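So you can see what is in the structure, the chains are spelled out below.
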There are 2 protein chains.
Amino acid sequence: MDTRSPGTCMPRQISTFPNFFKKSRWPKVWSNKANWIGYVAVSDDETTRCLGRRDITIAWRGTVTHLEWISDLMDFLKPINGNKIPCPDPTVKVEYGFLDLYTDKDENCRFCKYSAREQVLSELKRLTETYADEEMSISITGHSLGSALATLSAYDIAETGLHVMQDGRALPVSVFSFSGPRVGNSRFKERIESLGVKVLRVVNVQDVVPKSPGLFFNEQVPPPLMKLAEGLPWAYSHVGVELALDHRNSPFLKQTSDPACAHNLEAHLHLLDGYHGKGHRFILSSGRDPALVNKACDFLKDHHLVPPNWRQDENKGMIRNNEGRWVQPERPKLDDHPLDTHHHLRKLGLASEH
Amino acid sequence: MDTRSPGTCMPRQISTFPNFFKKSRWPKVWSNKANWIGYVAVSDDETTRCLGRRDITIAWRGTVTHLEWISDLMDFLKPINGNKIPCPDPTVKVEYGFLDLYTDKDENCRFCKYSAREQVLSELKRLTETYADEEMSISITGHSLGSALATLSAYDIAETGLHVMQDGRALPVSVFSFSGPRVGNSRFKERIESLGVKVLRVVNVQDVVPKSPGLFFNEQVPPPLMKLAEGLPWAYSHVGVELALDHRNSPFLKQTSDPACAHNLEAHLHLLDGYHGKGHRFILSSGRDPALVNKACDFLKDHHLVPPNWRQDENKGMIRNNEGRWVQPERPKLDDHPLDTHHHLRKLGLASEH
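Every value quoted in this text rests on a predicted model; they were computed, and no experiment measured them.

## Structural notes on the overall build of chain A
Looking only at helices and strands, chain A has 11 helices and 12 strands in total. Scored against the burial criterion, the 354 residues of chain A give a buried share of 47%. Counting only contacts in chain A whose residues sit at least 6 apart along the sequence, the fraction spanning at least 24 positions is 68%. Working note: accessible area of chain A is about 18,100 Å², and carbon and sulfur atoms make up 54% of it.

## With respect to helix α6 (residues 145–160) of chain A
The α-helix winds at 3.6 residues per turn, so residues separated by three or four positions along the chain end up facing the same way. Residues and elements named next belong to chain A. Here α6 is 16 residues long and its end C-alpha atoms lie 22 Å apart, about the 22 Å a rise of 1.5 Å per residue gives. With 15 of its 16 residues buried, α6 lies for the most part within the structure. Directly beyond the C-terminal end of α6, a positive phi value near 80° is found at glycine 161.

## Structural notes on the packing of aromatic side chains
Each aromatic ring pair is specified by the distance between its two centres and by the angle formed by the two planes. Residues and elements named next belong to chain A. Scanning all chains against the criterion turns up six aromatic pairs over all chains. Measuring from centroid to centroid gives 6.0 Å for tryptophan 60 and tyrosine 102, while their planes differ by 65°, and the two rings are edge-to-face. Linking tryptophan 60 in strand β2 (residues 54–60) with tyrosine 102 in helix α4 (residues 96–103), this pair joins segments that are 42 residues apart in sequence.

## Here's the deal with the sheet that holds strand β6 (residues 173–178) of chain A
Residue and element names in this part refer to chain A. Spatially, six strands are ordered β1-β2-β5-β6-β8-β10 in an open sheet, and the strand pairing comes out mixed. Among the strands making up the open sheet, the edge pair consists of β1 (38–42) and β10 (241–245). The sheet shows a mean angle of 15° between the axes of neighbouring strands, direction not considered. Relative to β10, strand β8 (residues 198–204) runs parallel, the two being bridged by five bridges. From the neighbouring strand, leucine 200 faces β10, where its bridge partner is valine 241. Running over the sheet, helix α5 (residues 116–130) touches β1, β2 and β5 (136–143) and is turned about 170° from β2. Each of β5, β6, β8 and β10 touches helix α10 (residues 265–274); the most contacted strand, β8, lies at about 100° to it.

## Here's the deal with the interface of chain A and chain B
Note on interface size: it is often stated as the accessible area lost on association of the parts. In this complex, chain A contributes 29 residues to the contact, which on the side of chain B involves 29 residues. With both chains or domains summed, chain A and chain B bury close to 2,700 Å², and 54% of this area falls on carbon and sulfur atoms. Taken together, the connections running from chain A to chain B amount to two salt bridges. Here A:Arg325 makes a salt bridge to B:Asp289, at a shortest N to O gap of 3.6 Å. Our count for the contact surface shared by chain A and chain B stands at 14 residue pairs in polar contact (both at pLDDT 80 or more). Taken together, the residues that form the side of chain A that touches chain B break down as 12 nonpolar, six polar and 11 charged.

Conventions and cut-offs
Note that residues are indexed from 1 along each chain, following the sequence as it is written. Labels are handed out in written order, letters beginning with A for the chains and numbers beginning with 1 for the ligands. Where totals are concerned, whole chains, interfaces and linings use all residues; where local detail is concerned, this predicted model gives features only for residues with pLDDT of at least 70, and gives and counts side-chain atom pairs only at 80 or more. Water and hydrogen atoms play no part in the side-chain values, which are based on all heavy atoms of the structure. Runs of E in the DSSP output that reach at least two residues are strands. Runs of H or I that reach at least four are helices, and both are numbered from the N terminus. Partly exposed residues are those whose accessible area sits between 20% and 50% of the maximum for their type, while under 20% is buried and over 50% is exposed, using a 1.4 Å probe and protein chains only. A contact between two residues is defined here by any heavy atoms of the two lying within 4.5 Å. Only the protein chains shown count as cover for residues, and the accessible areas themselves come from Shrake-Rupley with a 1.4 Å probe. Working rule for helices: expected span equals 1.5 Å times residues minus one. What counts as a ring pair is set by centres within 6.5 Å for rings of Phe, Tyr and Trp (its six-membered ring), and what kind of pair is set by the plane angle: stacked under 30 degrees, edge-to-face over 60, tilted for all other angles. A pair of strands is considered paired only if DSSP assigns at least 2 bridges between the two. A fitted line through C-alpha atoms represents every axis, and for helices the fit uses only the stretch in contact; the resulting angles, taken between N-to-C directions, go from 0 to 180 degrees. By definition, the buried area sums, over both parts, the 1.4 Å-probe accessible area that each loses when the two are put together. When a carboxyl oxygen of Asp or Glu lies within 4 Å of a side-chain nitrogen of Lys or Arg, that pair is called a salt bridge. Two N or O atoms form a polar contact when they lie within 3.5 Å of each other; inside protein one atom must be a possible hydrogen donor and the other a possible acceptor, and for residues adjacent in sequence the pair counts only when both atoms belong to side chains. Polar here means any residue other than Ala, Val, Leu, Ile, Met, Phe, Trp, Tyr, Cys and Pro, which are nonpolar, and Asp, Glu, Lys and Arg, which are charged; Gly is therefore polar.

Following this line, the structure appears as structure tokens:
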């Protein structure tokens, strides 16, 4: 164990991630507050028939190869209560950076007038009303930073009671998380589990991100010791059930010390594809193309003849304009917030009447 | 001046170039002997009318960013004579690596049954016969390694007398070379110039390649001293007339210590575009797009908003096959040698009757 004072532990455990938020070479076009991407989808009639229920899926995009994005958000634990998410227990704490990303907004910015939280809850409200007379479920997924946001939003939905229908039914809320870091303290774990949220955490045991933050005080420390550490701001805990994969079990992958490979989402999906239970042989089963693993990393053995990091746009998206000059294309006109966001937030008591 | 023994000079002057010919990760598909690319073209009727003559252009492709390709070919000077190019003077010497690349062949390889030299001379023979009754010129160009091959092939054409028509006319032979290294010794320079070959060497004075090989003994050493050094294998000389550009004169370019930027062909073309004579202001004149400079380097100032190294294929050329798998496409069926190569070489006395 590190013998330095606790205050100096944090920088060490994230020191494997280089700093990404350096000054951009290009003019700033996005707000700091909109540094997340996600969507809310709902199953169509055919999928609903297959599933046996109408599933609402919330997907949070994660970091692709820039592990540093996520490390920069891991700073210290902060009580949820008083931070725009209602929570009856002031000892329930989550990582400040994730909470901030989830709840922050900027009234003056067209694209972040509503926080991530408000956008998701408003759309969820709309969908649960639309399909109120059907059987429904809420599934939330994300990779890396997206995993943290998935866990946080699942908690929020359950804590806010948004999954409880007018007739008293509680919709099942599940999280399928990939290579996620710890999100909160052990009180957070107890709280989210007591609210009935089911979390399956798919991890690669070689990946450093799920080991962060909380390298020293986490759910693996014996409970009495953890009890003592509970008040400390660096005593983190994973939630839910872990599905532990190991990239050393795939004969398709080469040995590498690159942490971006071990953390790669496509690698996780490949490992899932070949996984048939602990101790069982690795056999690909779904026809998923192993070449996808190398889309954004250099992980496949060379004899598969798949180039590393092969996913790229032609000419980085540069195009020739009418005058024959090579330029970056105009940014597509993006939708900002749906017009009914405020309406649904008001119903949730999250917005004023005007 | 370096005080070490002459024998140790060579490694030092090429030490800025990392070694490129390391073991490939992919199976070897090309012969070592075919590590050059070039073409022979002839002006169409319209261009011929504009030029006032039928121009045959020989273009040698160079190295794009891999400076090391060229450094690996710069080894020591070797007499031309006795190396498949006729030369009456045994003291005329050129860089062994260039000579080797130009004359080497492999009877057992479909694509290099004929050497670069044989392919070029044979095609040139065919074209000069086709247009024998027209006014003609021969223009040879190349960048970097291509510049060395351009100079060598121009010399070869003149020495072989291929530019002399049956009626006694000698076609003008010109070289437009870009960022070329030195090719031979001062005897080579005298010989190629006495044969009437005109060479315009376009260089960027910040580029290290034109300073190689021959960092210590070259055409800038006072003639008496050079005379003494003449027999030494590292006494090189540039040929022809130099057009010296300087990338520090372009307001579009940023300061960089990257030797690949200073050596880049697109940067040279940009510098030519803005050049109006020594001491004159840099003003772009042809409408050439400065964005091209960044195709394969990171040289334009950031405010131009052109990403560095933007020239890239979509997904590195990977495609989805009929089964939905991502694969590298089949190599296109390539032509090897034109069927009449042997026929024209025989006319030149460079091939046996059978």
